[in-house]
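A closer look at the structure
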Amino acid sequence: MIEIKKGMTESEIEDYVNYVLEQMTLQEKVAQMIGNGINIKVLFDGGFGKRVYDAAGSEKYNIPSFKFTDGPRGVIIPGSTCFPVSMARGASWDLDLEERVGDVIGKEVRANGGNLFGGVCINNLRHPSWGRAQETYGEDTFQIGEFGAALTRGVQKHNVMATAKHFAANSIEKARFKVNVKMDERTLREVYLPHFKRCVEEGCATIMSAYNKVRGKYCGHNDYLLRDILKGEWSFQGFVHSDWIHGVKDTVGGITGGLDVEMPRAKYYKFKKIETALQESKISETLIDEAASRVMRTILRYTTKEDPQTYEPSLIGCKEHRQVALEAAEKSMVLLKNEKDVLPLDKKKINKLAMFGKLARVRNTGDHGSSDVNIKKVITPLKGIRNFLGDSIEVAYDDGKDPRGVKNTAKEADAAIVVVGLTYKDEGEYIIEKRTGGDRENLSLHDDHIELIKAVVSENEKCIVVLIGGSAITMEGWKDHVPAILLAWYSGVEGGNALAKILFGDVNPGGKLPFTIPKDPQHLPFFDKNAEEIEYGYYHGYTLFDKESYEPAFPFGYGLSYTSFNYSNLNVEVTDDKIIATVDIKNSGKVAGDEIVQLYIGFELSQIDRPVKLLKGFSRMNLEPNEIKPVKIEVPYKNLAWYNPKSKSWEIEQITYTLYVGSSSRKEDLLSTQFNLRN
Ligand code: BGC
């Protein structure tokens with residue numbers, strides 16, 4: 001018998017899998033296609049995240065099981081490091097940071113006894129009402145693909161299998177178990193799939209199918225998505241597992257569709273059911289062999305690799321890991337408004353600071369569904385400010401319930417910080433049993449939060465609004481009355497410390513919006529949280545706003561800094577297979593700061609219907625005052641292609657393209673030039 005050992009080559013693994021497959025009984029093969037069980041009661045009584053979930057594997061053949069734990073806010077098992085939610089990390093536009101977040105997550109998965117991380121969530125934010133918006137990185141296909149790939153790289157360094165989810169077009173929460181998402185071929189290929197392909201190219205080990213239907217077929221049964229595209233066209237080598245509990249609807253559908261593993265336990269992939277389907281010739285044993293060998297091959301690839309280090313439990317939630325969470329919080333906050341230089345606050349000029357709002361002192365790290373990292377102690381905004389100021393400045397706190405009290409507190413303070421926004425009650429995974437989460441009812445703040453802002457600013461013009469949430473919050477009606485707005489997200493275990501450093505200028509905010517904030521929600525695509533069926537169009541987010549010339553409240557890619565940046569010398573060089581853009585960035589202000597340079601390609605001169613422009617590159621960098629840095633961003637030709645449904649292929653148009661480089665997606669923030677490709 002061939003032996004399992006560390007450092008096995010691909011061909012040794014292949015030989016072993018083939019050898020085992022020959023020996024295995026049908027029942028042993030089917031055991032590779034199922035989770036080893038979960039008690040439903042445990043799932044919903046708070047016990048869900050407490051341990052890893054086992055699936056597949058065989059003691060007899062020495063093949064370890066895969067051990068699932070979830071994310072993406074960190075490993076959900078108690079004590080693990082709680083990062084800012086993915087949407088916040090998307091706002092950092094920092095891929096190196098995301099890879100380091102993945103690196104920490106990978107270590108903590110291993111230290112918790114796991115070897116599979118189910119938390120590379122990369123669904124497009126089609127509409128900000130989506131309850132799980134916070135679990136993804138933004139509205140742009142290119143950006144979420146790059147972030148998913150970065151997280152995958154980090155996690156998989158530690159021989160943890162990463163799962164990209166939910167494949168595909170999962171972006172309505174309440175209707176997720178039933179909704180049929182319709183879309184044309186171009187929309188599927190260009191908008192809803194490329195980020196998954198990007199993760200597959202990065203070597204992502206597994207894919208989780210979505211609950212919803214795409215074009216009439218449940219994603220867990222969708223042979224077009226799973227067999228033709230994922231395993232066929234993209235040559236995906238790993239395995240596909242279902243989303244939990246409702247991800248498979250029948251035995252034959254799942255198996256013929258290309259779903260390899262039913263998680264977290266066998267319901268339709270029970271041995272008896274599969275045996276019957278075989279006897280009735282509804283499926284063939286080749287399909288079982290294919291699924292079982294994909295699972296065994298993937299597990300062996302990861303479990304036989306030499307580990308780069310050991311994984312002691314002391315790694316879980318350790319100081320170094322919290323430091324990465326702090327950095328992520330600092331880099332993700334987005335300064336949306338800062339008039340009259342209200343920010344940064346100057347310690348020397350403030351004797352008394354007032355902080356308002358219930359959310360200033362609650363543990364508010366995001367939704368309470370499958371991504372909830374179970375930690376008790378979090379640095380809240382109030383705690384962060386108090387940590388930062390010590391006894392140097394008096395901090396008054398008012399929860400905002402009594403309007404008269406609010407006005408008095410605001411009047412007496414030298415500056416006022418109002419913390420408002422959302423919690424798990426407003427948005428998150430919809431869990432019927434827990435009665436939490438779901439899609440947003442509307443996009444504005446709660447009325448009492450708006451009243452609080454108005455009351456504070458009427459008495460104190462140095463009023464700073466800190467917004468908490470996981471996607472767009474509309475602000476018409478109050479945003480013009482306040483001088484400063486900071487989007488602070490669900491910022492993780494260290495969030496309050498990061499907030500204090502930003503408000504007082506120890507950290508210069510550099511985050512930028514990974515989505516469009518509308519003025520008028522009517523400008524967004526149609527959304528129905530109870531939809532049985534919905535059509536996803538080709539345009540959403542900034543591509544829709546560009547196309548329709550809608551004016552957003554804040555555009556995609558927007559964010560301010562305590563300094564300013566100038567762009568000059570935009571140049572483009574066209575080689576045989578890529579374009580190379582160069583530009584000089586100067587920090588023209590008085591303090592050091594980070595700038596996120598964005599590159600868009602314009603298709604205005606196309607013969608077909610294409611977006612006005614698409615994001616095709618970005619880079620975050622730090623500049624000292626007066627420093628000038630040259631920036632180079634490359635775009636391969638293939639990233640300019642469109643999918644021609646007639647020829648069923650990606651085509652690159654020979655047209656004059658526009659290159660835009662600048663600090664946001666807004667026209668006035670971009671330099672532009674034109675170029676043609678080489679024939
Ligand atoms: C969620 C998945 C998650 C799974 C297991 C499901 O309800 O949709 O995203 O990975 O639970 O935690």
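Residues numbered from 1 in each chain as written. Predicted model: local features only at pLDDT ≥ 70, side-chain atom pairs only at ≥ 80, totals over all residues. Heavy atoms only, no water.

1. Some details on the overall build of the protein
Secondary structure assignment for the protein yields 18 helices and 29 strands. The C-alpha radius of gyration of the protein comes to 25 Å, within 12% of the 26 Å expected for a compact globule of 679 residues. With the principal axes as the frame, the protein shows a C-alpha extent of 80 × 60 × 50 Å. For the protein, with 679 residues in total, the buried portion stands at 64%. Within the protein, residue pairs in contact and separated by at least 24 positions form 77% of the contacts whose partners lie at least 6 positions apart. Total accessible area on the protein is roughly 25,200 Å²; 47% of this is exposed by carbon and sulfur atoms. Distance between charge centres in the protein, computed from 89 positive and 95 negative side chains, equals 3 Å. (Helix = DSSP H or I, 4+ residues; strand = E, 2+ residues; numbered from the N terminus. Rg over C-alpha atoms; globule rule 2.2 N^0.38 Å. Buried < 20%, exposed > 50% of the residue type's maximum accessible area, 1.4 Å probe, protein only. Contact = heavy atoms within 4.5 Å. Areas by Shrake-Rupley, 256 points an atom, 1.4 Å probe, with all protein chains shown as cover. Lys, Arg positive; Asp, Glu negative; His and termini not counted. Charge placed at Lys NZ, Arg CZ, Asp CG, Glu CD.)

2. A closer look at the confidence of the model for the protein
Per-chain confidence: the protein averages 96 in pLDDT, with 98% of residues scoring 70 or above. By mean pLDDT, helix α3 (residues 40-44) is the weakest element of the protein at 60, and helix α4 (residues 86-92) is the strongest at 99. (pLDDT = per-residue confidence, 0-100.)

3. A short note on the site of the ligand
Of all residues adjacent to the ligand, which total 13 residues, the nearest are Asp70, Arg132, His166, Asp243 and Glu429. Separating an oxygen atom of the ligand from a side-chain N or O atom of Asp70 is a distance of 2.4 Å. Residue Glu429 places a side-chain N or O atom 2.7 Å away from an oxygen atom belonging to the ligand. Protein burial of the ligand: of its 310 Å² of free accessible surface, 94% is covered by the chains. Within the shell around the ligand, the residues separate by chemical class into five nonpolar, two polar and six charged. (Near = heavy atom within 4 Å. Polar contact = N/O pair within 3.5 Å; in protein donor to acceptor, adjacent residues only side chain to side chain. Nonpolar A, V, L, I, M, F, W, Y, C, P; charged D, E, K, R; others polar.)

4. Overview of the sheet that holds strand β22 (residues 578-587)
On the basis of which strands lie adjacent, the open sheet formed by three strands has the order β21-β22-β25 and antiparallel pairing. On the outer flanks of this sheet lie β21 (565-574) and β25 (628-636), each paired with one strand and no other. Neighbour to neighbour, the strand axes of the sheet diverge by 20° on average, direction disregarded. Across nine bridges, β22 lies against β25 in antiparallel orientation. Note that in β25 the partner of Val583 across the bridge is Val631. (Pairing = 2+ DSSP bridges. Axes fitted to C-alpha atoms, helices over the stretch in contact; angles between N-to-C directions.)

5. Here we look at the state of the cysteines
Scanning all chains against the criterion turns up zero disulfides. There is no disulfide at Cys219, and the cysteine sulfur nearest it, in Cys121, is 13 Å away. (Disulfide = S-S within 2.5 Å.)

6. A few points about the pairing of β22
In summary, the side chains of a regular strand alternate between the two faces of the sheet. As paired elements, β21 and β22 share eight bridges and run antiparallel to each other. Each residue of the ladder has a partner; that of Asn566, found in β22, is Lys586. Count of turn residues in the β21/β22 antiparallel hairpin: three residues.

7. Remarks on the side chain of Lys107
Within the secondary structure layout, Lys107 lies in helix α5 (residues 95-111). Look at Lys107 and you get buried, because its relative accessible area is 17%. If we skip the residues at most four places from it in the chain, Lys107 touches His158, Gln309, Tyr311, Leu315 and His321.

8. Quick notes on helix α7 (residues 185-192)
Side chains of residues three or four places apart in an α-helix project in the same direction, reflecting 3.6 residues per turn. Burial within α7 is extensive, with eight of its eight residues counted as buried. If you check which residues of α7 are buried, you get Glu185, Arg186, Thr187, Leu188, Arg189, Glu190, Val191 and Tyr192. In the core, the buried residues of α7 are packed alongside α6 (141-156), α8 (194-201), β7 (213-214), α9 (223-233), β26 (642-644) and β27 (649-651). Measuring from the side-chain oxygen of the N-cap residue of α7 to the backbone nitrogen of Arg186 gives 3.3 Å; that N-cap residue is Asp184.

9. Concerning the sheet that holds strand β28 (residues 656-662)
With antiparallel pairing, the four strands of this open sheet are ordered in space as β24-β23-β28-β29. With partners counted over all chains shown, the strands left at the sheet margins are β24 (613-623) and β29 (670-676), one partner each. Each strand of the sheet is rotated relative to its neighbour by a mean of 20°, with strand direction disregarded. The pairing of strand β23 (residues 593-602) with β24 spans ten bridges and is antiparallel. Looking across to β24, one finds that Glu595 is bridged to Met621. Sheet strands in contact with helix α18 (residues 541-548) are β23 and β24, and its direction is about 120° off that of β24.

10. A look at the packing of α7 against α8
Contact geometry of α7 with α8 gives a least axis separation of 5 Å together with a crossing angle of 50°. In terms of orientation, α7 and α8 fall into the oblique class. Each of Leu188, Arg189, Glu190, Val191 and Tyr192 in α7 lies in contact with α8, whose residues at this interface are Pro194, His195 and Phe196. Of the residues assigned to the contact of α7 with α8, the class counts are five nonpolar, one polar and two charged. (Parallel < 35°, antiparallel > 145°, perpendicular 65-115°, else oblique.)

11. Quick look at the environment of Lys383
Within the secondary structure layout, Lys383 lies in helix α14 (residues 381-389). Relative accessible area serves as the criterion here: at 45%, Lys383 is assigned to the partly exposed category. Along the primary structure Lys383 and Leu599 are separated by 216 residues, whereas in three dimensions their C-alpha atoms are 39 Å apart.

12. Here's the deal with a positive patch on the surface
Taken together, the side chains of Arg265, Lys267, Lys270 and Lys273 define a basic patch exposed on the protein surface. Within the secondary structure, Lys273 is located in helix α11 (residues 271-279). Relative accessible area serves as the criterion here: at 37%, Lys273 is assigned to the partly exposed category. (Patch = residues over 30% accessible without salt bridge, like charges linked within 9 Å, V, L, I, M, F, W, Y side chains within 5 Å. Salt bridge = Lys/Arg side-chain N within 4 Å of Asp/Glu carboxyl O.)

13. Some thoughts on α5
Compared with an ideal rise of 1.5 Å per residue, which puts 17 residues at 24 Å, α5 spans 24 Å between its outermost C-alpha atoms and is within 8% of the ideal. Counting buried positions over the 17 residues of α5 gives 13, a clear majority of the element. Among the residues of α5, the N-terminal cap falls to Asp94, whose side-chain oxygen and the backbone nitrogen of Asp96 are separated by 3.2 Å. Of the residues trailing α5, Gly113 is marked for its positive phi of about 90°. (Expected span 1.5 Å × (residues − 1).)

14. Some remarks on the domain arrangement of the protein
Partitioning the protein into domains gives domain 1 (10-307), domain 2 (320-554) and domain 3 (565-676). For domain 1 and domain 3, the distance between their C-alpha centroids amounts to 33 Å. On the domain 3 side, the residues contacting the 14 residues of domain 1 number 15 residues. Across the domain 1 to domain 3 interface the summed buried area is about 1,300 Å²; carbon plus sulfur atoms make up 67%. It is Trp93, Phe142 and Arg186 in domain 1 that bury the most area against domain 3; as a group they hold 54% of the surface buried on that side. Summed over the shared surface of domain 1 and domain 3, the result is zero salt bridges. Here domain 1 is connected to domain 3 by three residue pairs in polar contact (both at pLDDT 80 or more). Those elements that place two or more of their residues in the side of domain 1 that touches domain 3 are α4, α6 and α7. The residue makeup of the side of domain 1 that touches domain 3, split by class, is five nonpolar, two polar and seven charged. (Domains from an automatic or database assignment. Buried area = accessible area lost by both parts, 1.4 Å probe.)

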